[in-house]
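Inside the fold
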Amino acid sequence: MVMENNQSFKEKLINKGYKVTNQREIILDVIRKNEGKHLDTEEIYDLVKVSLPGVGIATVYRTLALLEEMDIINKIDLGAGRWKYEIDRNGESHKHHHLICSVCGEVTEVEEDFLERLEDLISSKYDFLINDHSLKFYGCCSKCKSK
């Protein structure tokens, strides 16, 4: 899996006219180090505060928006105004799918892409070029089911 390295990240920032700041680098580093955990803004903020105690939550929100705009991270809509973030996987032809627990908010990745055949059918029938798709299943995770 290819992830954004610091030099590439710095170059992207500079090329888009943004400053390279310690806060931005630390926020991205926290997301990288927690790959697969699908952190929300507050969780990212709490982890960033360990290295950067004076950081404000607004800085985290702005940086997450910038990282998403630059296609470095993906924002996952959990519904009801809740969001989680993950590193964008360069080279993925499709974004993977997610299982979202409606009780605890845990997000589990589904790596298999079961929709390729359906995509082909839709493309053919409607003469429509599909670039990507997103699929989320909402339900109850195994931990919450057992409670």
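Please refer to the structure placed before this passage.
Just so we're clear, the structure is a prediction, and the values are computed from it rather than from any experiment.

Turning our eyes to something else, we now look at the pairing of strand β3 (residues 97-101). Each regular strand displays side chains that alternate between the two surfaces of the sheet. Among the five residues in β3, four count as buried, and that is most of the element. Alignment of β3 against strand β4 (residues 107-110), held across four bridges, turns out to be antiparallel. Pairing of I100 across the sheet is with V107, part of β4. As consecutive antiparallel partners, β3 and β4 are separated by five residues, and within that stretch G105 has a phi angle of approximately 85°, a positive value.

In this model helix α2 (residues 22-33) runs 16 Å from its N-terminal to its C-terminal C-alpha over twelve residues, within 8% of the 16 Å that 1.5 Å per residue would give. Those residues of α2 that sit buried are R24, E25, I26, I27, L28, V30, I31 and R32.

This part covers the pattern of salt bridges. Scanning the model with the defined rule gives five salt bridges in all. The salt bridge involving K10 is made with E25; its shortest N-O contact spans 3.5 Å. Here K10 is found in helix α1 (residues 6-15), whereas its partner E25 is found in helix α2, with 15 residues between them in sequence. One salt bridge in this structure joins E106 and K143, with 2.9 Å as the shortest N-O distance. Of this pair, E106 sits in the loop between β3 and β4 while K143 sits in helix α6 (residues 142-145), placing them 37 residues apart in sequence. The exposed category is assigned to K143, whose relative accessible area is 52%.

What counts as what
- What you see as residue numbers is a count from 1 along each chain, following the sequence as written.
- Totals for whole chains, interfaces and linings use all residues, but because this is a predicted model, local features are given only for residues with pLDDT of at least 70 and pairs of side-chain atoms are given and counted only at 80 or more.
- Computation of side-chain values: all heavy atoms of the structure, hydrogens and water removed.
- To sort residues, take the accessible area from a 1.4 Å probe on protein chains only and compare it with the maximum for the residue type: under 20% means buried, over 50% means exposed, and anything in between is partly exposed.
- Numbering goes from the N terminus for both helices and strands, where a helix is a DSSP run of H or I of at least four residues and a strand is a run of E of at least two.
- By definition, two strands form a pair when at least two bridges between them are found by DSSP.
- Any helix carries an expected span of 1.5 Å times its number of residues minus one.
- Counted as salt bridges are all cases of a side-chain nitrogen of Lys or Arg within 4 Å of a carboxyl oxygen of Asp or Glu.

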